Amino acid sequence: MLDILKKSAIAAGRAILDIYHSGPEVLYKPDCSPVTDADECAERIILADLAAAFPDIPVVAEESVAAGSIPEIAGKSFFLVDPLDGTKEFIGRHNDFTVNIALIENGAPVAGVVYAPALGILYAASGGKALKSVVSETFLVEPETVIGCRIRGDRLVALASRSHNSTETVAYLAEHGITDYEAVGSSLKFCLLAEGVADVYPRFSRTMEWDTAAGDAILRAAGGETLTMEGTPLTYGKRNQKNDSDFANPWFVSRGKV
C-alpha cells in the first residue's frame, strides 16, 4: 500500500509543480480560505489512484468534502487526503507546501505519506517505521533512510505555523520558556519533529483532520505523539461534533520524545 501512496503523492506533486511554475488560478471557498486549480487537479489524481487500488476503502478528501461529498466511514478504515496542504504558502511562492495521504484505522493514523514537491522530499510511515527520501528533479525516488525523533534536551526548539499563528501559541512558548522557534508551513512541521530537527509543535488555531493525519502518522512512527489539551491522543474520523464541524481538530501539541 505504501508504495502506491508514494506514487500517487508524487504524481499529484508533479501536477502541482506544473501549475506552481505556470501560475495558479486562485478562488475562495465560502469560509474565505483559498483554493487553486492545483488543489483540485492533485485531488483528482489521488482519488483516481486510490479508487483503482483500494476500491473498498472510503476516502475523505478536502475538496470533495467542501463540495458536499462525504463517504460513510463509521466502523471502517479510511483514507484522509489533503491534495495541497499549505495553499497560502503555495500562492505566496514559498516552497513548504505538501501533498498528504493517510490511512486511518480505529481513529488513529497508521500509515501516511507527506510529499513536499518544491523541496524534493518525501516522508512516509507504516508498520511503526518512519522514512525519508529525496525525490530528484526527474521525480525518481532515491534510497530512503529511517528517521526518528530526538530526545529533548534542556533547550527546546519549537515549530509554529507561518500562516496561522496565534496569541495562544505565543503564550505557550513563553510559559514553557521556549525562545528558539521557527515558522514553517503545512504538515512539514510534523515531519521535522519526526526527523529530530525540533522538539515541539503547539497548534492553538484551527486545523482539519486532512491537514494533520499524514504528518501525525509519520511523527507517531518516529516515536513522537500528538496530544489534545486533555492529554489524550488526537483522534480521526470525528463526525457530529457538538461544538465544531465534521473532521475539525481541537487544539493540540505535537512533540518528539520526552
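Before reading on, note that the structure itself is shown above.
Computed from a predicted structure; not experimentally measured.

Q: So, the sheet that holds strand β6 (residues 108-116): which residues are in play, and what are the values?
A: Spatial strand order, β3-β4-β5-β6-β7-β8-β9: seven strands in an open sheet with mixed pairing. The sheet is open, and its two edges are formed by β3 (59-61) and β9 (145-147), each paired on a single side. With strand direction ignored, the average angle separating the axes of adjacent strands in the sheet is 20 degrees. In terms of strand pairing, strand β8 (residues 129-134) meets β9 through three bridges, oriented antiparallel. Along β9, the bridge assignment pairs K132 with T145. Each of β4 (78-85), β5 (98-105), β6 and β7 (121-126) is contacted by helix α1 (residues 2-22), which is oriented at about 35 degrees to β6, the strand it contacts most. Its contacts with the sheet place helix α2 (residues 37-53) against β3, β4 and β5, and it is angled at close to 155 degrees to β4.

Q: An account of the environment of A48 is requested, with residue identities and associated values reported.
A: One can find A48 in helix α2. Classification of A48 by relative accessible area gives partly exposed; the value is 45%. Considering only alpha carbons, one finds A48 and S8, 40 residues apart in sequence, at a separation of 9.1 Å.

Rules used in this analysis
- Residues numbered from 1 in each chain as written.
- Predicted model: local features only at pLDDT ≥ 70, side-chain atom pairs only at ≥ 80, totals over all residues.
- Heavy atoms only, no water.
- Pairing = 2+ DSSP bridges.
- Helix = DSSP H or I, 4+ residues; strand = E, 2+ residues; numbered from the N terminus.
- Axes fitted to C-alpha atoms, helices over the stretch in contact; angles between N-to-C directions.
- Contact = heavy atoms within 4.5 Å.
- Buried < 20%, exposed > 50% of the residue type's maximum accessible area, 1.4 Å probe, protein only.

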